[in-house]
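Each chain, letter by letter, is given below.
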Amino acid sequence: MSGNVAAHEAFSKPFNAMEELVKQLISDPGLWDAKVFRESIHSFMPILTEHLAEELTTLDAEELRKYITPKDFEEYEEKFMEDIKKTVSFVKPLQVLYVNGDSVNEE
């Protein structure tokens, strides 16, 4: 699990920089530069990809059963759903960005 935390720290800074870039682009679309945007994504994607692959073992059902009961899981799920309803938006770009990330803006 500590490896997951380290990975989060590793991709957080470039991911946050990309979020700032997106905010700038929303406020001033004239700043659009596909190369800069692509480089921003590539600055954290290798780390994020590796992290997500590693997280699969962390989130394995057998592994989770060692630490959490079904009742605990139901409580977490309720809280999670409340938080999601408060924060998720389908109009914020980063939440749907990776759906087609590999093929967007290829040169």
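The rules behind the values
Residues numbered from 1 in each chain as written. Predicted model: local features only at pLDDT ≥ 70, side-chain atom pairs only at ≥ 80, totals over all residues. Heavy atoms only, no water. Helix = DSSP H or I, 4+ residues; strand = E, 2+ residues; numbered from the N terminus. Buried < 20%, exposed > 50% of the residue type's maximum accessible area, 1.4 Å probe, protein only. Contact = heavy atoms within 4.5 Å. Areas by Shrake-Rupley, 256 points an atom, 1.4 Å probe, with all protein chains shown as cover. Core = buried A, V, L, I, M, F, W, Y, C linked by side-chain atoms within 4.5 Å. Phe/Tyr/Trp six-rings, centres within 6.5 Å; stacked < 30°, edge-to-face > 60°. Salt bridge = Lys/Arg side-chain N within 4 Å of Asp/Glu carboxyl O. Patch = residues over 30% accessible without salt bridge, like charges linked within 9 Å, V, L, I, M, F, W, Y side chains within 5 Å. Lys, Arg positive; Asp, Glu negative; His and termini not counted. Charge placed at Lys NZ, Arg CZ, Asp CG, Glu CD. pLDDT = per-residue confidence, 0-100.

## Details of the overall build of the protein chain
When its secondary structure is counted, the protein chain shows five helices and zero strands. Its helices and strands in sequence order give the protein chain the pattern α-α-α-α-α, from N to C terminus. Within the protein chain, the proportion of its 107 residues that are buried is 21%. In the protein chain, the proportion of contacts linking residues at least 24 apart, taken out of those at least 6 apart, comes to 69%. For the protein chain, the computed accessible surface area is about 8600 Å², with 60% contributed by carbon and sulfur atoms.

## A few points about the nonpolar core
Counting residues in hydrophobic clusters, the biggest one holds 10 residues: Phe 11, Phe 15, Met 18, Leu 21, Val 22, Leu 25, Phe 37, Ile 41, Phe 44 and Leu 48. Contributions of two or more residues to this core are made by helix H1 (2-27) and helix H2 (34-42). The element that contributes the greatest number of residues to this core is H1, accounting for six residues.

## Side note on the side chain of His 51
Relative to the helices and strands, His 51 resides in helix H3 (residues 45-58). Beyond its immediate stretch of four places on either side in the chain, His 51 contacts Asn 4, Ala 7, His 8 and Phe 11.

## Let's talk about the environment of Val 36
Assignment of secondary structure puts Val 36 in helix H2. On the basis of relative accessible area, Val 36 is assigned to the partly exposed category, the value being 39%. Residues Val 36 and Met 18 lie 18 residues apart in sequence; the distance between their C-alpha atoms is 9.8 Å.

## Some thoughts on the packing of aromatic side chains
Summed over the entire model, instances satisfying the criterion amount to two aromatic pairs. Judged by centre distance (5.1 Å) and plane angle (80°), the rings of Phe 15 and Phe 44 are edge-to-face. One end of the pair, Phe 15, is in helix H1; the other, Phe 44, is in the loop between H2 and H3, with 29 residues separating them in the sequence.

## Considerations on the pattern of salt bridges
One pass over the structure, following the stated rule, counts six salt bridges. As a salt-bridge pair, Asp 83 and Lys 79 come within 3.3 Å of each other at their nearest N and O atoms. Here Asp 83 pairs with Lys 79, and both are found in helix H5 (residues 70-87), just four residues apart, close to one helical turn. For Asp 83, a relative accessible area of 31% corresponds to the partly exposed category.

## Notes on a negative patch on the surface
A contiguous patch of negative charge on the surface is contributed by Glu 74, Glu 77, Glu 78 and Glu 82. Relative to the elements of secondary structure, Glu 82 occurs in helix H5. Look at Glu 82 and you get partly exposed, because its relative accessible area is 45%.

## Some details on the confidence of the model for the protein chain
Taken over all residues, the pLDDT of the protein chain has a mean of 81, while the share at 70 or more is 79%. pLDDT under 50 marks residues 96-107. Its contacts with residues more than four places away, or in other chains, come to 13 contacts.

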